[in-house]
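Structural description and commentary
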Amino acid sequence: DLAPPSFWDYFVKYWLPQQFLLMWSAIYRRNRGIYLVSDTNMLVEAWHHVLKGKFLEGRRNRRLDHLVHILMDRVLPYYLLKEQRQKLGFEGENLENQKRVDIIR
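Quick look at the structure, then. (Residues numbered from 1 in each chain as written. Predicted model: local features only at pLDDT ≥ 70, side-chain atom pairs only at ≥ 80, totals over all residues. Heavy atoms only, no water.)

Moving on to the nonpolar core. Core analysis: the biggest nonpolar cluster contains 5 residues, these being Leu 51, Phe 55, Leu 56, Ile 70 and Val 75. Within the residue set of this core, elements represented by two or more residues are helix 3 (42–55) and helix 4 (64–88). Non-local contacts of Leu 51, meaning those with residues more than four positions away in its chain, are made with Leu 56, Leu 67, Leu 71 and Val 75. (Core = buried A, V, L, I, M, F, W, Y, C linked by side-chain atoms within 4.5 Å. Buried < 20%, exposed > 50% of the residue type's maximum accessible area, 1.4 Å probe, protein only. Helix = DSSP H or I, 4+ residues; strand = E, 2+ residues; numbered from the N terminus. Contact = heavy atoms within 4.5 Å.)

Here's what the structure looks like:
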């Protein structure tokens, strides 16, 4: 026995009903994009990594005015230019869109 019966009773009652099984089991997460239905904080963590590593250069930010300055003067222009490059065909689409196109072909 790996766990006491009271734990298994709790686990079956609260974590194995169909609505929760669909939510957390990887088997039921097929055919959906991470940008459409994301119930994890994976995208937030990824964005924080980009913000801190690329735009804040790995430095600790303690001031809100500095963060707003970086967002307006570096982050926004970077993503606006990236979007224009994608529209003009100089840069590929994001990976999710590219994968969808590959699947449709």
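So, next bit.
Between helix 3 and helix 4, the least distance of the axes is 12 Å, while the angle of their chain directions is 100 degrees. When the axis of helix 3 is compared with that of helix 4, the two are roughly perpendicular. Taken together, the residues of helix 4 that come into contact with helix 3 (itself represented by Trp 47, Val 50, Leu 51, Lys 54 and Phe 55) are Leu 67, Ile 70, Leu 71, Arg 74, Val 75, Tyr 78 and Tyr 79. (Axes fitted to C-alpha atoms, helices over the stretch in contact; angles between N-to-C directions. Parallel < 35°, antiparallel > 145°, perpendicular 65-115°, else oblique.)

In a regular helix each residue adds 1.5 Å, so 25 residues correspond to 36 Å; helix 4 covers 35 Å between its end C-alpha atoms and thus fits that length. Taking the largest bend as the criterion, helix 4 deviates by roughly 35 degrees, centred on Leu 71. Once helix 4 ends, the next one or two residues include Gly 89, with phi positive near 85 degrees. (Expected span 1.5 Å × (residues − 1). Bend = angle between axes of the 7 residues up to and from the residue.)

It is worth spelling out unusual backbone geometry at this point. The residue Glu 57 is not glycine, and still its phi comes out positive at about 55 degrees. Take Glu 57: it is sitting in the loop between helix 3 and helix 4. For Glu 57, a relative accessible area of 44% corresponds to the partly exposed category.

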